[in-house]
Amino acid sequence: GIQVEQSPPDLILQEGANSTLRCNFSDSVNNLQWFHQNPWGQLINLFYIPSGTKQNGRLSATTVATERYSLLYISSSQTTDSGVYFCAVRGSGTYKYIFGTGTRLKVLA
Amino acid sequence: DTEVTQTPKHLVMGMTNKKSLKCEQHMGHRAMYWYKQKAKKPPELMFVYSYEKLSINESVPSRFSPECPNSSLLNLHLHALQPEDSALYLCASSLRGDAYNEQFFGPGTRLTVL
């Protein structure tokens, strides 16, 4: 099956700093999503981005499907950005989403 | 409305109890999913229903029994669970079950088995 690795595994930032989170996957995918899991466990949809670039406020994401990676950019980080960031991918011909290993982000005031 | 609801939020049960988790969506989605998430781990797929039919069972033990009574509702029946089944159980839905659809997650049920 598809392997999904995220880096870095842990990240501590001062409020206002910028960061880049990476998601590498081992095979071609038809679907890729980025999620933020808050401290209460809710998975919040950030981007549905099987290819290309999208922006939403301070967040943006880029997926280069041919090179099997996706990047999530967080600018001017805030304490409310703290939590775990997951990418999840789905290969062709399958219902199954595979989640990455996650990046645990802590933003300090 | 991009909302998936789950009840209860928290559940504590003994190993001999029978309980059910409920998931509901009114977005017209025809694929629904159960995931299990242990602490500090990513969610892992358990079951997929597509058009109310079970499409994927990821070799889940029979003490977990899913049910999809209609296109809006998904249940997970629990019986004779073990303490290691304690976890966050997440429900999700997507418009269809094929590869090109965005999944939306509910807030989860945090289950403790004593």
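Residues numbered from 1 in each chain as written. Chains lettered and ligands numbered in written order. Predicted model: local features only at pLDDT ≥ 70, side-chain atom pairs only at ≥ 80, totals over all residues. Heavy atoms only, no water.

Here we take up the overall build of chain A. In terms of regular secondary structure, chain A is built from 0 helices and 11 strands. If you list the helices and strands of chain A from N to C, you get β-β-β-β-β-β-β-β-β-β-β. Its C-alpha atoms give chain A a radius of gyration of 13 Å, near enough to 13 Å, the size a compact globule of 109 residues would have. The principal-axis extent of the C-alpha atoms belonging to chain A is close to 45 × 25 × 20 Å. In chain A, buried positions account for 50% of the 109 residues. Look at the contacts in chain A between residues 6 or more apart in sequence, and 55% of them connect residues 24 or more apart. Total accessible area on chain A is roughly 5,100 Å²; 49% of this is exposed by carbon and sulfur atoms. Taken together, the 8 basic and 6 acidic charged side chains of chain A have centroids lying 6 Å from each other. (Helix = DSSP H or I, 4+ residues; strand = E, 2+ residues; numbered from the N terminus. Rg over C-alpha atoms; globule rule 2.2 N^0.38 Å. Buried < 20%, exposed > 50% of the residue type's maximum accessible area, 1.4 Å probe, protein only. Contact = heavy atoms within 4.5 Å. Areas by Shrake-Rupley, 256 points an atom, 1.4 Å probe, with all protein chains shown as cover. Lys, Arg positive; Asp, Glu negative; His and termini not counted. Charge placed at Lys NZ, Arg CZ, Asp CG, Glu CD.)

A word on the side chain of Thr63(A). Residue and element names in this part refer to chain A. Inspection of the secondary structure puts Thr 63 in strand β7 (residues 59-64). One polar contact links the side chain of Thr 63 to the main-chain carbonyl oxygen of Ile 49, over a distance of 2.8 Å. Setting aside chain neighbours within four positions, we find Thr 63 in contact with Phe 25, Leu 32, Ile 49, Pro 50, Ser 51, Gly 52, Tyr 69 and Ser 70. (Polar contact = N/O pair within 3.5 Å; in protein donor to acceptor, adjacent residues only side chain to side chain.)

Residues and elements named next belong to chain B. Under the counting rule described, the total for this entry stands at 1 cavity of 30 Å³ or more. As a volume, the largest cavity reaches approximately 40 Å³. If you list the elements that add at least two residues to the lining of the largest cavity, you get β4 (31-37) and β7 (64-70). Partitioned by chemical class, the residues of the lining of the largest cavity number 4 nonpolar, 3 polar and 2 charged. (1 Å grid on protein atoms, 1.4 Å probe; cavity = no way out; pocket = protein on both sides within 12 Å on 5 of 7 lines; lining within 4 Å. Points joined across faces, edges and corners; volume = space filled by probe spheres on them. Nonpolar A, V, L, I, M, F, W, Y, C, P; charged D, E, K, R; others polar.)

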